[in-house]
Amino acid sequence: MIERAVCEAVFRAAVAACDPAAHVREAVARLVPEDKAVLGVAIGKAALAMARGAGPVVRGIAVAPQLDGGPLPLGWTARDAGHPDPDDRSVAAGDALVELVTRAGKDDIVLALISGGASALVEQPTIPLDELRGRVAAFRAAGHPIEELNELRRSLSRIKGGGLAAVSTGRVITL
């Protein structure tokens with residue numbers, strides 16, 4: 001039998017190895033030039049941790065299902081939005097992100113940090129939001145796998161599947 005202390009140590013090590021802030025911090029140090037203005041986008045269940053790992057930005061928005069009340073680095077603001085289904089907050093967050101990335105100049109970096117849950121948290125639907133919600137709910141109830149569900153969401157959105165990056169004139173680095 002494995003001792004409890006060993007199991008707890010392994011568990012703590014596994015959790016530490018998955019720390020989104022640490023992974024983002026390491027990637028930013030490797031990929032983001034220090035002499036460039038950085039605008040940040042963090043979306044998903046790990047958005048707040050990823051924004052903390054990214055560090056200060058000129059301006060950034062982190063969108064998560066729930067806010068944890070903790071501080072974010074300089075330049076970041078946090079907002080919550082609907083999950084697992086998009087809501088009016090998701091549309092407002094989508095609008096705010098489009099406004100943010102369109103401000104990026106050609107020499108700027110847009111750091112896009114995406115984790116699970118992002119597809120519901122930010123939205124700019126091509127159809128009325130209630131219709132989008134109904135179609136996605138019916139698709140989910142029919143038992144379609146998440147890959148197909150996300151493809152449906154992409155087809156009904158202006159910003160998914162690279163649409164958000166397409167409105168930026170700055171270089172987009174996605175993690």
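Reading the values: rules and limits
Counting restarts for each chain, with residues numbered from 1 along the sequence as it is written. Only residues with pLDDT of at least 70 get local features here, since the model is predicted, and only at 80 or more are side-chain atom pairs given and counted; chain-wide, interface and lining totals rely on the full set of residues. Calculation of side-chain values draws on the structure's entire complement of heavy atoms; hydrogens and water are dropped beforehand. Within this document, salt bridges are pairs made up of a side-chain nitrogen of Lys or Arg and a carboxyl oxygen of Asp or Glu, the two lying within 4 Å of each other. Numbering goes from the N terminus for both helices and strands, where a helix is a DSSP run of H or I of at least four residues and a strand is a run of E of at least two. A simple rule labels every residue: compare its accessible area, found with a 1.4 Å probe on the protein chains alone, to the largest value its type can have, and call it buried under 20%, exposed over 50%, or partly exposed in between. Only strands joined by at least two bridges in the DSSP assignment are considered to pair. With axes taken as lines fitted to C-alpha atoms, and helix axes fitted only over the stretch in contact, angles between N-to-C directions fall between 0 and 180 degrees.

A. Quick peek at the pattern of salt bridges. The final tally for this structure, using the stated rule, is 11 salt bridges. Between Arg4 and Glu8 there is a salt bridge; the shortest N-O distance is 2.7 Å. Of this pair, Arg4 and Glu8 both sit in helix α1 (residues 4–17), separated by 4 residues, roughly a single helical turn. With relative accessibility at 65%, the residue Arg4 sits in the exposed group. Classification of Glu8 as partly exposed rests on a relative accessible area of 32%. Where Lys160 meets Glu123, a salt bridge forms, and the shortest distance between an N and an O atom there is 2.8 Å. With Lys160 in the loop between α7 (146–155) and α8 (163–166) and Glu123 in the loop between α5 (118–121) and α6 (129–141), this residue pair connects regions lying 37 residues apart in the sequence. Here Lys160 and Glu123 have matching classes, each one buried.

B. Examining the sheet that holds strand β1 (residues 38–43) more closely. Taken in spatial order, the 5 strands line up as β3-β2-β1-β4-β5 in an open sheet, and their pairing is parallel. The open sheet has two edge strands, β3 (76–80) and β5 (171–174), and neither has a second partner. Along the sheet, successive strands turn relative to each other by an average axial angle of 15 degrees, direction set aside. Examined bridge by bridge, strand β2 (residues 59–64) and β3 share 5 bridges and lie parallel to one another. Within the sheet, the bridge partner assigned to Ala64 lies in β3 and is Asp80.

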